[in-house]
Amino acid sequence: MKILRCRSYAKLNLHLQVVGARPDGYHELQTLFQTIELHDTLTLRLRPEGTGRVSIVVEGGGVPADERNLAARAGRAYLNRWSPQWDLHIDLEKRIPVGGGLGGGSSNAATVLWALQEQLGSPASPEDLEAVARELGADVPFFLYGGTAWATGRGDVIKPLGDLDEQEVWLITPPVEVPTAEVFGRLGELTVQPAPSSIVRLVQGGAGGRVDRLEGWNDLEPIALQHYPVLRDVRTALLAVGAAPVRLSGSGATLFAFFRSPMSVEALSGRLPVGCRVARSRTLSRASFLAGRLIDD
Ligand code: C5P
């Protein structure tokens, strides 16, 4: 039996523009992805002389442990195509908030694809692996790269960028579920502005810098804030204690914030609406992401 323990990191959308509707019901995006230190932990047990069966046990976090689970679906997709002579069992410890816009499920799926490649002698080409990632979900391909990346298409066409400085970032998750499809469905007429110049420079190969100095916005944020007042309250409270910038990740419900001066979890929690989860994390360079995926112990 082969056993592998992995960190499955979360992401932020430092910038997210919706630039068009697509015939397949999705939207055309331009988004700047960034991995962060917050992670789930996956333990993979591979048994030889199997038939490509996949089972999963999930600890914490309200994630289904059946065929809807994206980590299990990734395992099945991989083994069916490339290594049906193995069975896989996954133990998933959830820490990334579910429905937060932090890409937890997508990250879990990509981590399984990467781990199976590592363990089974890379039978899939990088192109085929990315195609399977894309079929599993629009956010999955990014997690094969990590670090900072520019994404277009459904958010699944990835251009890895140079690293930004690693920096502390705060994550505030209000007790509300924001359905992604609903937020996209409420988008009005699109007025497409050019991306902010600091991001254009980065995409064109410019040097990195501080994450909190990048200009950016999220086109989904006004819609989510309009329909979920608690998100507005969180944003107002964060700005009042000096956070800048404050932004929604994906379609929410997690908001992320940067502080210039020291802040404690207790002090911040006391200023926020009841039931918010507060976590301190860090942005993660590509090198840290790649080095951190495998847990050696
Ligand atoms: O990729 P995911 O399954 O999380 O997307 C959930 C929903 O969000 C999609 O069914 C679609 O309605 C919307 N979406 C979109 N355009 C994207 C990504 C998601 O319209 N690029």
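Residues numbered from 1 in each chain as written. Predicted model: local features only at pLDDT ≥ 70, side-chain atom pairs only at ≥ 80, totals over all residues. Heavy atoms only, no water.

**Concerning the site of the ligand**
In the vicinity of the ligand, the contacting residues are Gly25, Tyr26, His27, Leu29, Ala138, Arg154, Thr180, Ala181 and Phe184. One of the side-chain N or O atoms of histidine 27 is found 2.7 Å from an oxygen atom in the ligand. Starting from 450 Å² of accessible surface for the ligand in isolation, the protein chains cover 68%. Sorting the residues of the shell around the ligand by element identifies β2 (27–47) and α4 (180–185) as the ones contributing at least two each. Take the shell around the ligand: its biggest share by element is three residues, from α4. (Near = heavy atom within 4 Å. Polar contact = N/O pair within 3.5 Å; in protein donor to acceptor, adjacent residues only side chain to side chain. Areas by Shrake-Rupley, 256 points an atom, 1.4 Å probe, with all protein chains shown as cover. Helix = DSSP H or I, 4+ residues; strand = E, 2+ residues; numbered from the N terminus.)

**Observations regarding the packing of helix α2 (residues 104–119) against helix α3 (residues 126–136)**
Where α2 meets α3, the axes come as close as 10 Å, and the angle between the chain directions of the two elements is 155°. As summarised for this structure, α2 and α3 are arranged roughly antiparallel, according to the angle between their axes. Two packed elements cross with a definite hand, and for α2 against α3 that hand is right-handed. For the pair formed by α2 and α3, the contact residues are Ala109, Leu113 and Gln117 on the first element and Leu129, Val132, Ala133 and Leu136 on the second. (Axes fitted to C-alpha atoms, helices over the stretch in contact; angles between N-to-C directions. Parallel < 35°, antiparallel > 145°, perpendicular 65-115°, else oblique. Left-handed = near helix turned anticlockwise from the far one by under 90°. Contact = heavy atoms within 4.5 Å.)

Nothing here speaks to function; it is geometry throughout.
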